[in-house]
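# Structural overview for review
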Amino acid sequence: MEYKNLEIWFITGAQLLYGGDAVIAVDAHSNEMVKGLNNSGNLPLKVVYKGTVNSSAEVAKTFADANNDERCAGVITWMHTFSPAKMWIHGLKDYKKPLLHLHTQYNEQIPWNEIDMDFMNLNQSAHGDREFGFITSRLRKPRKIVVGYWKDKSTQEKMAVWMRVCAAWADAQNMRIIRFGDNMNNVAVTDGDKVEAEIRLGYHVDNAPIATLVPYVEAVTEAEIDALIAEYEKLYDFAANCKKGAEKHQFVRDAAAQEIGLRRFLEDKGAKAFTTSFDELEGMKQLMGFASQRLMAEGYGFGAEGDWKTAALVRTMWIMGQGLPGGQSFLEDYTLNFNGANSSILQAHMLEINPEIAAKKPRIEVHFLGIGDARTCARLVFQAHPGEGIAATIVDMGNRFRMIVNQVDVIKPQPLPKLPVACALWKPQPNLEVGAGAWILAGGTHHSSFSYALTVEHIEDYAEIANIELLIIDNNTTIRSFKQDIRNNEMYYFLNKALS
Ligand code: MN
């Protein structure tokens, strides 16, 4: 698990106006709530109670500590009583990590017969959380607001989604992405401003000449390849001509050497994601497609043709989905299938799709690939299993990054006997006409990061933390309102930039 070194801090707002006894009660209740949250089994990260804050100095100190503590991936705030919000200004202004404002209450229901003024003064989240809400809004502070009783599963699940995104955000803040070769010549949508990406999204994009990877692949020993082939034999079927001793087996061994060399190279560089290019293969025996499939399944972000934005997003979404059922992958819109209400898009790539999304045991095949310098390549061939998922992408609009997410239904394709690549067939929600139309209006890429495990809420939380534009395409989308959203956003981000 990538979450084990991370925690979420819980801070309770209070004040000394009601006397020390009230603060002691607030503290005890907060302790009990944090214990309850941790014991619920519904939260992926440990919550650490950091006490009550009762003054501007205490707030500023706690948020500064949160900024500086590597383990802290985000802060949850809650106002048990009233907490005058001017005291939150300095702390919130300087706070740089994700924020969740929990609007809950220690006791669930009003004790109608017993309630008196003391009880009401102690249990006034309804009051205090509004005061806190004002100052976060006044400071234009991005945050997630979760409203609900803290013991309810639905409340905890919304917190859990945000925590997963906090972990992915923390991961991205020291993510290094290695590109073997530049973006594919002349391609616009996969390119963008790498400086702005590092400022806004945290990750760092580096270039590595393919010549620096070649020695890593050449240094792989025959014994290491033998061991990896044995692993492949356990996990995958082999096409007859790819089995040990058959004519094309050597291509599988070459791919195994690439996998080992590439993994070692990325470990040496401390990289969590990478991109490849079919035009940058000098010294390589084949395009590293099979190796990319394998490394994606281990959690490396991947983007083809130099697509570093998608590589970063694939890694980020893998972190978000840790431990959840359902895989995820880099995918590309390839071919349309017009078929009335079941119109769909065939998602595929030359080679590089994560075997985690396969419906059945993938099969190793070797075929000639005519594009660029790619040559004859091994690959895992399979079809993705049916199910609901999301496809997400980030594009650079010049003055801002725009995130687009589309809910999609993966359906079973017909057999594809002559198409020797992995693929998925999906219907974008609400249907092909509106889903694809909105995606194209938004300027969405042909590459996307797909996940069965995540929901639109994960992407919403990510866009909120990153403070970037988000366009959602789901069953509620209409082209007319989507167009207006885009126009409104143009104005919003123009003014936002001018005012910041
Ligand atoms: Mn592509």
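Since the model is a prediction, treat every value here as computed from it, not as a measurement.

## Overview of the domain arrangement of the protein
One can read the domain layout of the protein as domain 1 (7–170) and domain 2 (176–499). For domain 1 and domain 2, the distance between their C-alpha centres works out to 38 Å. Opposite the 13 residues of domain 1 that make contact, domain 2 presents 16 residues. A buried area of about 1,300 Å², summed over both sides, lies between domain 1 and domain 2, and 67% of it is on carbon and sulfur atoms. Sorting the residues of domain 1 by area buried against domain 2 places Arg-164, Val-165 and Trp-169 first, and these three jointly supply 49% of that buried surface. For the pair domain 1 and domain 2, the number of links is 2 salt bridges. Lys-144 serves as the salt-bridge partner of Asp-461, at 2.7 Å between the closest nitrogen and oxygen. For the side of domain 1 that touches domain 2, the element with the most residues is helix α6 (residues 153–172), which contributes 9 residues. Residue composition of the side of domain 1 that touches domain 2, grouped by class: 9 nonpolar, no polar and 4 charged.

## Things to note about the coordination of the manganese ion
The manganese ion binds to the protein through Glu-305 (OE), Glu-332 (OE), His-349 (NE2) and His-447 (NE2); the donor distances cover 2.1 to 2.2 Å. Spacing between the donor residues of the manganese ion along their common chain follows E-x26-E-x16-H-x97-H. One end of the pair, Glu-305, is in the loop between β10 (301–303) and α12 (308–320); the other, Glu-332, is in strand β11 (residues 328–337), with 27 residues separating them in the sequence. On the basis of relative accessibility, which here comes to 8%, the residue Glu-305 falls in the buried class.

## Things to note about the nonpolar core
Grouped together as the largest cluster of nonpolar side chains are 65 residues, with contacts concentrated most on Phe-180, Leu-213, Tyr-232 and Leu-266. Top contributing element to this core by residue count: helix α10 (residues 249–269), with 8 residues. When neighbours within four sequence positions are excluded, Leu-213 is seen to be in contact with Phe-180, Gly-261, Leu-262, Phe-265, Met-284 and Met-288. Formed by 58 residues, the second largest nonpolar core is a distinct cluster that contains Met-163, Met-175, Trp-308 and Ile-465.

## Examining the pairing of strand β12 (residues 344–348)
Burial analysis of β12 places 5 of its 5 residues in the buried class, the great majority of the element. Burial along β12 is two-sided: the residues Ser-344, Leu-346 and Ala-348 and Ile-345 and Gln-347 are all buried. Two elements, β11 and β12, share 5 bridges in a ladder whose sense is antiparallel. Residue pairing across strands places Asp-333 opposite Gln-347, the latter belonging to β12. In this structure, the hairpin formed by β11 and β12 is closed by a connection of 6 residues, where Gly-340 is found at a positive phi of approximately 60°.

About the criteria used
- Numbers given for residues are sequential positions, taken from 1 along each chain in its written order.
- Whole-chain, interface and lining totals are the exception, using all residues; otherwise, since this is a predicted model, local features are given only for residues with pLDDT of at least 70 and side-chain atom pairs are given and counted only at 80 or more.
- With hydrogens and water excluded, all non-hydrogen atoms of the structure serve as input to the side-chain values.
- Where a domain begins and ends is set by an automatic assignment or by a domain database.
- Here, two residues are considered to be in contact whenever any of their heavy atoms come within 4.5 Å of each other.
- In this description, buried area is defined as the sum, over both parts, of the accessible area (probe of 1.4 Å) that is lost when the two are combined.
- Whenever a carboxyl oxygen of Asp or Glu lies within 4 Å of a side-chain nitrogen of Lys or Arg, that contact is scored as a salt bridge.
- Comment: elements are numbered from the N terminus, with helices defined as DSSP H or I runs of at least four residues and strands as E runs of at least two.
- Put simply, Ala, Val, Leu, Ile, Met, Phe, Trp, Tyr, Cys and Pro go in the nonpolar bin, Asp, Glu, Lys and Arg in the charged bin, and everything else, Gly too, in the polar bin.
- The donor set comprises N, O and S atoms within 2.8 Å of the metal, extended to 3.2 Å for Na, K and Ca; water molecules are omitted, so apparent gaps in a site may simply reflect that omission.
- The buried label applies to any residue whose accessible area, calculated with a 1.4 Å probe on protein chains only, is under 20% of its type's maximum; exposed applies above 50%, and partly exposed to all values in between.
- Definition used in this section: a nonpolar core is a set of buried Ala, Val, Leu, Ile, Met, Phe, Trp, Tyr and Cys residues joined via side-chain atoms within 4.5 Å.
- If DSSP finds at least two bridges between two strands, the strands pair.

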